[in-house]
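# What the coordinates show
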Amino acid sequence: DDPHRHGYNVDKWVDRVVGYAKSQAAHTQTDHQMWAVGNDFQYQNAVHYYHNLDKLIHHVNKNGTINIFYSTPTAYTEAKNKAGAVWEVRQDDIFPLADGPHQYWSGYFTSRPALKKQVRLASNFLNAARQLEVLSGVTAEEVDTPTLRPSPAVGTSWTDSLEGTVGVATHHDGMSGTERQAVADDYAQRISESHAEVEAGVGLSLQRLLGLQAQLHHCNCNTAGNCLNMSVCAFTTDRSNFSVVAWNPRAQNSRSFVALPVKGEKWTVTGPGGESVASQVVALDNRTAQLPEMYLNRAGMSSSEISQALAQLRNNASHVLSFQASVPALGYGVFKVETGDTAAKATSTRGTAVTNGYYTLTIDPASNEITQITNHRSNVTSAFSIQWGYYRSSTGGCTPGTGGLEPWKACSAQASGAYIFRPNTEKGMPGPFSKYDTELFYPGPSGKPTLEVVEGPVVTEVRQVYSDWVTHVVRLVKDKPFVEVEWTVGPIPKDTPWADPASPVGKEIAVRYHTGLKSDGRFYTDSNGREMVPRDRNKRGPSYPPLKVSEPVAGNYYPVNTAISVDDGDRELVVLTDVTQGGTSLTDGTVELMVHRRTIDDDSRGVFEGLSETMCGCESGLTHPFVRCDCPGLTVRGKHWLVFDVVAEAHAARRDLMEELNFPPVLAFGDGAVKEGQRSWLATALPRQVKLQTLTSNYAQWHDGQVVLRLSHQYAAGEHAVLSREVSVDLGSLFGGGFRVRSASEMSLTSNQDRATMEKRRLVWNVTDVTGGAVEAQLAGVSSSEKWEPMHGLVVTLRPMEVKTFLIDLERPGEAFV
């Protein structure tokens, strides 16, 4: 800004800023504009950045045309409100989102599925750890296992590092999967390190609550040889007897399916009260047995070195022991496992139907496919089938069926990548599902899956292999109100000579659940696990102009955090997920979910590399002087829970099952000396509508020692005739085990201000519905006209979908009431 220097450019920048402001004024109500400062990659040198901003503000204000200053979102919003303008009211979200005819941002809904799953598992573990810290009183000093690279401090808890790493991973380029591979690896490493620290705290907390001296162990996929998701756990495999300590983080009693890798088939399981627990053993399947060996980077290794390394990685388990564990609300149950003869042996069968007493699935032996589903409790039946396939990732080209676009607009160089999903939508390969007119290619050369049915009294499995990189197990657990599909996908091959002569080809793997429901183009997806949002094929909601879909597949994809459903007004199919995925319904009665992606090209959104992950975190085929890679592509495993029922019963069940799937009991393992028993820290289980969202003392130093308690209503307005009603909880009689709430103050959602103060500052807006009443009709279905009322004593009332946060003064065992 020195006019004597050759690089002087103040006048140019002042004119540019003033011009931008005038241009934006033509599209903005009131004289106030918010300019968000910065962008991706712009804060490498914050001192230099802000020094120049200071200069720019000074010289622009000297010009006198506009007034520019540092501000906050609060000040901006209040200024807009005081202007007295009339504002458009909108209800719909922004999906489907695109920045061009062939640039739909629906790929990141699935990108980097392993990182997405890691964040979800870590979040559940963190939730349980927070509870255990409050109830056990274990301190960070007692845990004393800080991570090697701790995250920035948030509080003083031993959960603090995991709080930080999970929080950082929720960055919009974090678990979204739109970061570079090296950054994704760093997220994963930091989460795993801090997760291991919190495992030590959880183990110590359970030791204290159970009165144990012996150490407890975990198999949460943070150390080699310990990952229950692929049936690897050294502690359970190397012992002839051990104990399982299950902590239930939910506020309702839990009955969860537990599967543990073991050696041999002779086992007995004893419950918390000394009772015999029905159990079952089944031989470990080949696909699962091979998973640990895929982590080997063979680059530069001799054959003997490879053999030795594979021997170290090999899963020593021969069988999986399964049983259902009943655990009280906010409490633990201890189960003893030892050698014995009471565990039933699952056997292979050739029947044409399988059942768990709740559901029956009919199988066609000619095609090896499931063809029908029956719910015996509600006496409803539908045609049903499962279809696996892949979309060929576009590297640029023309899209047929683009909704009347000019021919030249039907073509684009846009490739599919971390952000963008753009399939090459030519017809799929001929095969058993060609009648669905699909763009999916069958994931293998055979066109027909193999079939194995393994039947037992605890669980029956339908094992199907579509290729060496797409398999699933359909599981029917006795009397459970869902059908489980545990899928394993990967390594996705780059070359597929049986289908694609051009190589390599990116692939985006999807599963479709077909039913006979006439859903009339409508389906529902959840919004962050809360409301189920209606979606209409090739349409947006009334808040926005009519949608012209120019990518028939990608333009109908939506984020699915926990649930997607279709119904015909009488019957409903709900698919629950254990990780965020992209989903849609391209034909009536069908639910589709994309579970994995491997693209070759970059999509030109700032990542500058394709999406091609491996099991070793390196890029296969990469030539580098320090990093060599000979490793299989990333393989992931996950679960879908399917509910097929009459609409009212499906609505009731899906909320309970969302919680059961995503917040299962946390498991720890000890030697046989752990005594059987169970205990709850609630006086009584909460109603099924109420979720115990948060219980943490990590921020107590800022709240005079008070604990944060957060409760939420699980059902939306109108979702269920009974369960959507408001419900009351007495905090004074909430806890048991010597704990009691002395006092409670309702706070804002994040507990940074009290609720009464927040309500006084709530702004009233003058709004109009520019759609002629369509948005108001939407709002009437989900909004409440009732105003907030302060809590009366310690009784809390929750309305549908309401979340309330409290600071509570918690009396602990042995403390005298003051």
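See above for the structure.
Because the structure is predicted, anything quoted here is derived from the model rather than measured.

### Things to note about the overall build of the protein
Secondary structure summary: the protein contains 13 helices and 40 strands in total. Taken against the 2.2 N^0.38 rule, which gives 28 Å for 818 residues, the C-alpha radius of gyration of the protein at 28 Å falls within 12% of a compact globule. By principal-axis analysis of the C-alpha atoms, the protein measures approximately 90 × 80 × 60 Å. Carbon and sulfur atoms make up 52% of the accessible area of the protein, which totals about 36100 Å².

### Notes on the sheet that holds strand β13 (residues 353-355)
Each strand in a sheet pairs with another by means of backbone hydrogen bonds, the pair being arranged parallel or else antiparallel. Taking strand neighbours across the sheet as the criterion, the eight strands line up as β13-β14-β15-β16-β23-β30-β29-β26 in an open arrangement whose pairing is antiparallel. Edge strands, defined here as strands with exactly one partner in the open sheet, are β13 and β26 (558-560). When the angles between neighbouring strand axes are averaged without regard to direction, this sheet yields 30°. Pairing geometry for β26 and strand β29 (residues 581-584), over three bridges, is antiparallel.

### Focus on the side chain of S724
Along the chain, S724 turns up in the loop between β35 (707-713) and β36 (727-730). Judged by relative accessible area, S724 falls into the buried class, the value being 9%. Within polar-contact distance, the side chain of S724 engages the backbone nitrogen of E719 at 3.2 Å. Here H720 takes part through its backbone nitrogen, which lies 2.9 Å from a polar atom of the side chain of S724.

### Considering the nonpolar core
Formed by 68 residues in total, the largest nonpolar core has its most connected members in I386, W388, I509, Y513 and L573. A128, L206, L210 and L682 belong to the second largest nonpolar core, which has 59 residues in total.

### Thoughts on unusual backbone geometry
At the junction of F95 and P96, the peptide bond is cis and its omega measures out at 0° in the coordinates. With respect to the helices and strands, P96 occurs in the loop between β1 (86-88) and α4 (113-136). With an omega of -10°, the peptide bond between G490 and P491 qualifies as cis. Despite not being glycine, N368 has its phi angle at roughly 65°, a positive value. Mapped onto the elements, N368 comes out in the loop between β14 (359-364) and β15 (369-375). What makes N368 buried here is its relative accessible area of 15%.

### Description of the sheet that holds strand β6 (residues 254-262)
Read across the open sheet, the four strands follow the order β6-β9-β8-β11; overall the sheet is mixed. Of all the strands in the sheet, the pair left with one neighbour each is β6 and β11 (344-345). Two elements, β6 and strand β9 (residues 319-327), share nine bridges in a ladder whose sense is antiparallel. Looking at β9, one finds that S256 is bridged to A325.

### A word on the pairing of strand β25 (residues 532-536)
Here strand β24 (residues 522-526) runs beside β25; their pairing, made up of five bridges, is antiparallel. Residue pairing across strands places T525 opposite V533, the latter belonging to β25. Counting the residues in the hairpin turn of β24 and β25 gives five residues, including N528, whose phi is positive at 55°.

### Some remarks on the state of the cysteines
Applying the stated criterion across every chain, the model contains four disulfides. The partner cysteine of C221 in its disulfide is C227, sulfur to sulfur 2.0 Å. Because the torsion about its S-S bond is 75°, the bridge between C221 and C227 counts as right-handed. A relative accessible area of 35% places C221 in the partly exposed class. Classification of C227 by relative accessible area gives buried; the value is 10%. Sulfur-sulfur distance for the disulfide between C616 and C631 comes to 2.0 Å. Because the sign of the S-S torsion sets the handedness, a value of about 80° for the bond joining C616 and C631 places this disulfide among the right-handed ones. Here the residue C616 occupies a position in the loop between β30 (590-598) and β31 (636-646), and C631 occupies one in the loop between β30 and β31, the gap between them amounting to 15 residues.

Reading guide: rules and limits
Residues numbered from 1 in each chain as written. Predicted model: local features only at pLDDT ≥ 70, side-chain atom pairs only at ≥ 80, totals over all residues. Heavy atoms only, no water. Helix = DSSP H or I, 4+ residues; strand = E, 2+ residues; numbered from the N terminus. Rg over C-alpha atoms; globule rule 2.2 N^0.38 Å. Areas by Shrake-Rupley, 256 points an atom, 1.4 Å probe, with all protein chains shown as cover. Pairing = 2+ DSSP bridges. Axes fitted to C-alpha atoms, helices over the stretch in contact; angles between N-to-C directions. Buried < 20%, exposed > 50% of the residue type's maximum accessible area, 1.4 Å probe, protein only. Polar contact = N/O pair within 3.5 Å; in protein donor to acceptor, adjacent residues only side chain to side chain. Core = buried A, V, L, I, M, F, W, Y, C linked by side-chain atoms within 4.5 Å. Disulfide = S-S within 2.5 Å.

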